[in-house]
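Listed here are the chains, written in short residue letters.
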Amino acid sequence: TNQGEDRKAIQYCGRAIGVAQEVGDRHNEGNHLGNLAAAYLSFGDLRKAIAYYDQALVIRREIGDKRGEGADLGNLGTAYRDLGENLKAIELYKQGLAIQQELGDKRGQGAKLVNLGLTYSNLGELGGVIEYYGQALAIFRQIADKLGEAAVLSAFGTAYRDMGDASKAIHFHLQSLAIEREIG
(Lines give C-alpha, C1' and ligand atoms only; values in the text may rest on other atoms or scores of the structure.)
Protein backbone atom coordinates (compact mmCIF):
# COMPACT_ATOMS: atom_id res chain seq x y z
CA THR A 1 0.00 0.00 0.00
CA ASN A 2 1.06 3.59 -0.37
CA GLN A 3 1.56 5.95 2.54
CA GLY A 4 -1.68 7.81 1.85
CA GLU A 5 -3.67 4.58 2.12
CA ASP A 6 -1.83 3.63 5.30
CA ARG A 7 -2.64 7.00 6.84
CA LYS A 8 -6.31 6.65 5.88
CA ALA A 9 -6.39 3.15 7.38
CA ILE A 10 -4.95 4.57 10.59
CA GLN A 11 -7.60 7.33 10.66
CA TYR A 12 -10.44 4.85 10.05
CA CYS A 13 -9.15 2.48 12.72
CA GLY A 14 -8.95 5.36 15.18
CA ARG A 15 -12.55 6.29 14.46
CA ALA A 16 -13.69 2.67 14.77
CA ILE A 17 -11.96 2.38 18.14
CA GLY A 18 -13.79 5.49 19.33
CA VAL A 19 -17.15 4.09 18.24
CA ALA A 20 -16.46 0.73 19.90
CA GLN A 21 -15.48 2.50 23.14
CA GLU A 22 -18.55 4.70 22.98
CA VAL A 23 -20.91 1.72 22.75
CA GLY A 24 -18.90 -0.44 25.16
CA ASP A 25 -18.02 -3.09 22.56
CA ARG A 26 -14.77 -4.45 24.02
CA HIS A 27 -14.49 -7.23 21.44
CA ASN A 28 -14.48 -4.85 18.48
CA GLU A 29 -12.35 -2.37 20.37
CA GLY A 30 -9.71 -5.10 20.65
CA ASN A 31 -10.11 -5.97 16.97
CA HIS A 32 -9.75 -2.35 15.88
CA LEU A 33 -6.71 -1.81 18.14
CA GLY A 34 -5.13 -4.87 16.50
CA ASN A 35 -5.94 -3.49 13.07
CA LEU A 36 -4.47 -0.12 14.01
CA ALA A 37 -1.34 -1.85 15.25
CA ALA A 38 -1.10 -3.80 11.98
CA ALA A 39 -1.36 -0.56 10.02
CA TYR A 40 1.50 0.96 12.02
CA LEU A 41 3.48 -2.25 11.57
CA SER A 42 3.07 -2.08 7.79
CA PHE A 43 3.95 1.61 7.95
CA GLY A 44 7.18 0.70 9.75
CA ASP A 45 6.34 2.44 13.02
CA LEU A 46 7.18 -0.51 15.24
CA ARG A 47 6.93 1.32 18.58
CA LYS A 48 3.39 2.52 17.87
CA ALA A 49 2.46 -0.94 16.60
CA ILE A 50 3.71 -2.46 19.84
CA ALA A 51 1.80 0.06 21.93
CA TYR A 52 -1.47 -0.71 20.16
CA TYR A 53 -0.90 -4.48 20.18
CA ASP A 54 -0.28 -4.22 23.94
CA GLN A 55 -3.61 -2.40 24.37
CA ALA A 56 -5.41 -4.97 22.24
CA LEU A 57 -3.81 -7.79 24.22
CA VAL A 58 -5.11 -6.37 27.52
CA ILE A 59 -8.65 -6.33 26.11
CA ARG A 60 -8.34 -9.82 24.58
CA ARG A 61 -7.32 -11.18 27.97
CA GLU A 62 -10.08 -9.28 29.80
CA ILE A 63 -12.80 -10.72 27.56
CA GLY A 64 -11.26 -14.18 27.16
CA ASP A 65 -10.63 -13.91 23.40
CA LYS A 66 -7.97 -16.62 23.13
CA ARG A 67 -7.80 -16.57 19.33
CA GLY A 68 -7.23 -12.80 19.31
CA GLU A 69 -4.74 -13.09 22.15
CA GLY A 70 -2.73 -15.69 20.22
CA ALA A 71 -2.73 -13.52 17.11
CA ASP A 72 -1.68 -10.40 19.02
CA LEU A 73 1.15 -12.27 20.75
CA GLY A 74 2.45 -13.42 17.38
CA ASN A 75 2.20 -9.95 15.89
CA LEU A 76 3.96 -8.47 18.92
CA GLY A 77 6.68 -11.06 18.45
CA THR A 78 7.14 -9.97 14.85
CA ALA A 79 7.35 -6.30 15.83
CA TYR A 80 9.99 -7.07 18.47
CA ARG A 81 11.89 -9.30 16.04
CA ASP A 82 11.86 -6.48 13.49
CA LEU A 83 13.31 -4.21 16.20
CA GLY A 84 16.10 -6.75 16.71
CA GLU A 85 14.78 -7.76 20.13
CA ASN A 86 14.90 -11.46 19.29
CA LEU A 87 14.73 -12.84 22.85
CA LYS A 88 11.55 -10.86 23.56
CA ALA A 89 10.14 -12.07 20.23
CA ILE A 90 10.87 -15.70 21.16
CA GLU A 91 9.09 -15.28 24.49
CA LEU A 92 6.00 -13.83 22.76
CA TYR A 93 5.96 -16.45 19.99
CA LYS A 94 6.13 -19.23 22.59
CA GLN A 95 3.19 -17.73 24.49
CA GLY A 96 1.22 -17.49 21.25
CA LEU A 97 2.19 -21.06 20.31
CA ALA A 98 0.86 -22.34 23.64
CA ILE A 99 -2.49 -20.68 22.92
CA GLN A 100 -2.60 -22.09 19.35
CA GLN A 101 -1.93 -25.54 20.80
CA GLU A 102 -4.68 -25.06 23.40
CA LEU A 103 -7.11 -24.08 20.63
CA GLY A 104 -6.00 -26.95 18.37
CA ASP A 105 -5.19 -24.45 15.61
CA LYS A 106 -2.63 -26.35 13.53
CA ARG A 107 -2.14 -23.62 10.93
CA GLY A 108 -1.59 -21.06 13.70
CA GLN A 109 0.87 -23.40 15.39
CA GLY A 110 2.76 -23.77 12.12
CA ALA A 111 2.97 -20.01 11.70
CA LYS A 112 4.29 -19.49 15.25
CA LEU A 113 6.84 -22.28 14.76
CA VAL A 114 8.04 -20.70 11.51
CA ASN A 115 8.45 -17.37 13.29
CA LEU A 116 10.39 -19.07 16.08
CA GLY A 117 12.66 -20.73 13.51
CA LEU A 118 13.22 -17.42 11.74
CA THR A 119 14.07 -15.70 15.01
CA TYR A 120 16.56 -18.42 15.95
CA SER A 121 18.01 -18.05 12.45
CA ASN A 122 18.48 -14.33 13.13
CA LEU A 123 20.39 -15.32 16.26
CA GLY A 124 22.52 -17.79 14.29
CA GLU A 125 21.32 -20.69 16.46
CA LEU A 126 21.03 -23.67 14.13
CA GLY A 127 19.59 -25.92 16.85
CA GLY A 128 16.54 -23.68 17.26
CA VAL A 129 16.16 -23.33 13.50
CA ILE A 130 16.10 -27.10 12.99
CA GLU A 131 13.80 -27.70 15.96
CA TYR A 132 11.14 -25.13 15.09
CA TYR A 133 11.23 -25.35 11.30
CA GLY A 134 11.15 -29.14 11.67
CA GLN A 135 8.02 -28.96 13.84
CA ALA A 136 6.38 -26.51 11.44
CA LEU A 137 7.19 -28.74 8.48
CA ALA A 138 5.63 -31.75 10.23
CA ILE A 139 2.44 -29.79 10.96
CA PHE A 140 2.12 -28.42 7.42
CA ARG A 141 2.56 -31.93 6.04
CA GLN A 142 0.03 -33.30 8.54
CA ILE A 143 -2.63 -30.80 7.45
CA ALA A 144 -1.63 -31.08 3.77
CA ASP A 145 -0.75 -27.38 3.51
CA LYS A 146 1.54 -27.48 0.49
CA LEU A 147 2.10 -23.74 0.45
CA GLY A 148 3.16 -23.80 4.11
CA GLU A 149 5.37 -26.80 3.46
CA ALA A 150 7.10 -25.06 0.55
CA ALA A 151 7.60 -21.91 2.61
CA VAL A 152 9.23 -23.83 5.47
CA LEU A 153 11.50 -25.74 3.10
CA SER A 154 12.55 -22.45 1.54
CA ALA A 155 13.14 -20.97 5.02
CA PHE A 156 15.29 -23.99 5.88
CA GLY A 157 17.29 -23.36 2.70
CA THR A 158 17.79 -19.70 3.52
CA ALA A 159 18.88 -20.53 7.07
CA TYR A 160 21.43 -23.04 5.85
CA ARG A 161 22.67 -20.57 3.23
CA ASP A 162 23.09 -17.89 5.88
CA MET A 163 25.03 -20.37 8.00
CA GLY A 164 27.37 -21.23 5.14
CA ASP A 165 26.08 -24.71 4.23
CA ALA A 166 25.39 -24.32 0.50
CA SER A 167 24.77 -28.04 -0.05
CA LYS A 168 21.92 -28.22 2.48
CA ALA A 169 20.59 -24.87 1.30
CA ILE A 170 20.31 -26.15 -2.26
CA HIS A 171 18.71 -29.40 -1.06
CA PHE A 172 15.91 -27.56 0.77
CA HIS A 173 15.39 -24.94 -1.93
CA LEU A 174 15.03 -27.65 -4.57
CA GLN A 175 12.38 -29.41 -2.46
CA SER A 176 10.53 -26.11 -2.06
CA LEU A 177 10.75 -25.43 -5.79
CA ALA A 178 9.34 -28.87 -6.62
CA ILE A 179 6.30 -28.26 -4.40
CA GLU A 180 5.78 -24.76 -5.76
CA ARG A 181 5.81 -26.14 -9.30
CA GLU A 182 3.40 -28.87 -8.27
CA ILE A 183 0.87 -26.39 -6.86
CA GLY A 184 1.44 -23.85 -9.63
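Since the model is a prediction, treat every value here as computed from it, not as a measurement. Note on numbering: residues in each chain are counted from 1, in written sequence order. Per-residue local features are limited, in this predicted model, to residues with pLDDT of at least 70; the limit for side-chain atom pairs, both in listing and counting, is 80 or more; totals at the level of whole chains, interfaces and linings are taken over all residues. Only hydrogens and water are set aside; all other atoms, that is, all heavy atoms of the structure, feed into the side-chain values.

### Here's the deal with helix 3 (residues 46-63)
Reasoning step 1: Under the scheme used here, helices are H or I runs from DSSP no shorter than 4 residues and strands are E runs no shorter than 2 residues, and both carry numbers assigned from the N terminus. Under the convention used throughout, the expected extent of a helix is 1.5 Å for every residue step, that is, one less than its residue count. Given a rise of 1.5 Å per residue, 18 residues ought to cover 26 Å, and the 26 Å separating the end C-alpha atoms of helix 3 matches this to within 8%.
Reasoning step 2: Only protein chains enter the accessibility calculation, which uses a 1.4 Å probe; a residue whose area is less than 20% of its type maximum is buried, one above 50% is exposed, and one in between is partly exposed. Considered for burial, the residues of helix 3 that qualify are Leu46, Ala49, Ile50, Tyr53, Ala56, Leu57, Ile59 and Arg60.
Reasoning step 3: Residue contacts follow a heavy-atom distance rule, with two residues in contact if any of their heavy atoms lie within 4.5 Å. Contacts from the buried residues of helix 3 go to helix 2 (26-43) and helix 4 (66-82).
Reasoning step 4: Following helix 3 by one or two positions, glycine 64 adopts a phi angle in the positive range, close to 75 degrees.

### Considerations on the nonpolar core
Reasoning step 1: Of all hydrophobic cores here, the largest spans 44 residues; its most connected members are Leu76, Leu116, Tyr133, Val152 and Phe156.
Reasoning step 2: For phenylalanine 156, the residues in contact, after removing those within four places along its chain, are Val129, Ile130, Tyr133, Gly134, Leu137 and Phe172. As used here, the term nonpolar core means buried Ala, Val, Leu, Ile, Met, Phe, Trp, Tyr and Cys residues forming a set that is joined through side-chain atoms within 4.5 Å.

### A short note on the environment of serine 121
Reasoning step 1: Along the chain, the position of serine 121 falls in helix 6 (residues 106-122).
Reasoning step 2: By relative accessible area, serine 121 is classed as buried at 14%.
Reasoning step 3: In this structure the C-alpha to C-alpha distance between serine 121 and aspartate 162, which are 41 residues apart in sequence, comes to 8.3 Å.

### Comments concerning the side chain of lysine 112
Reasoning step 1: Looking at the secondary structure, you find lysine 112 in helix 6.
Reasoning step 2: In this structure, lysine 112 is in contact with Gly70, Ala71, Gly74, Tyr93, Gly96, Leu97 and Gln100, ignoring residues within four places of it in sequence.

### Description of helix 2
Turn by turn, an α-helix covers 3.6 residues, leaving residues three or four places apart pointing in a common direction.
Reasoning step 1: With 18 residues, helix 2 extends 25 Å from end C-alpha to end C-alpha; this agrees with the ideal 26 Å at 1.5 Å per step.
Reasoning step 2: Those residues of helix 2 that sit buried are Glu29, Gly30, Leu33, Gly34, Leu36, Ala37, Ala39 and Tyr40.
Reasoning step 3: In the segment just after helix 2, glycine 44 is the residue with positive phi, at about 90 degrees.

### What to know about the pattern of salt bridges
Reasoning step 1: Salt bridges are identified by distance alone: a Lys or Arg side-chain nitrogen within 4 Å of an Asp or Glu carboxyl oxygen. Summed over all chains, the structure comprises 14 salt bridges.
Reasoning step 2: Across the pair glutamate 62 and arginine 26 runs a salt bridge, and its minimum N-O distance is 2.4 Å. Within this pair, whereas glutamate 62 is found in helix 3, its partner arginine 26 is found in helix 2, the two being separated by 36 residues in sequence.
Reasoning step 3: Here aspartate 65 and arginine 60 are joined by a salt bridge, their closest N and O atoms 3.2 Å apart.
Reasoning step 4: Judged by relative accessible area, aspartate 65 falls into the buried class, the value being 15%.

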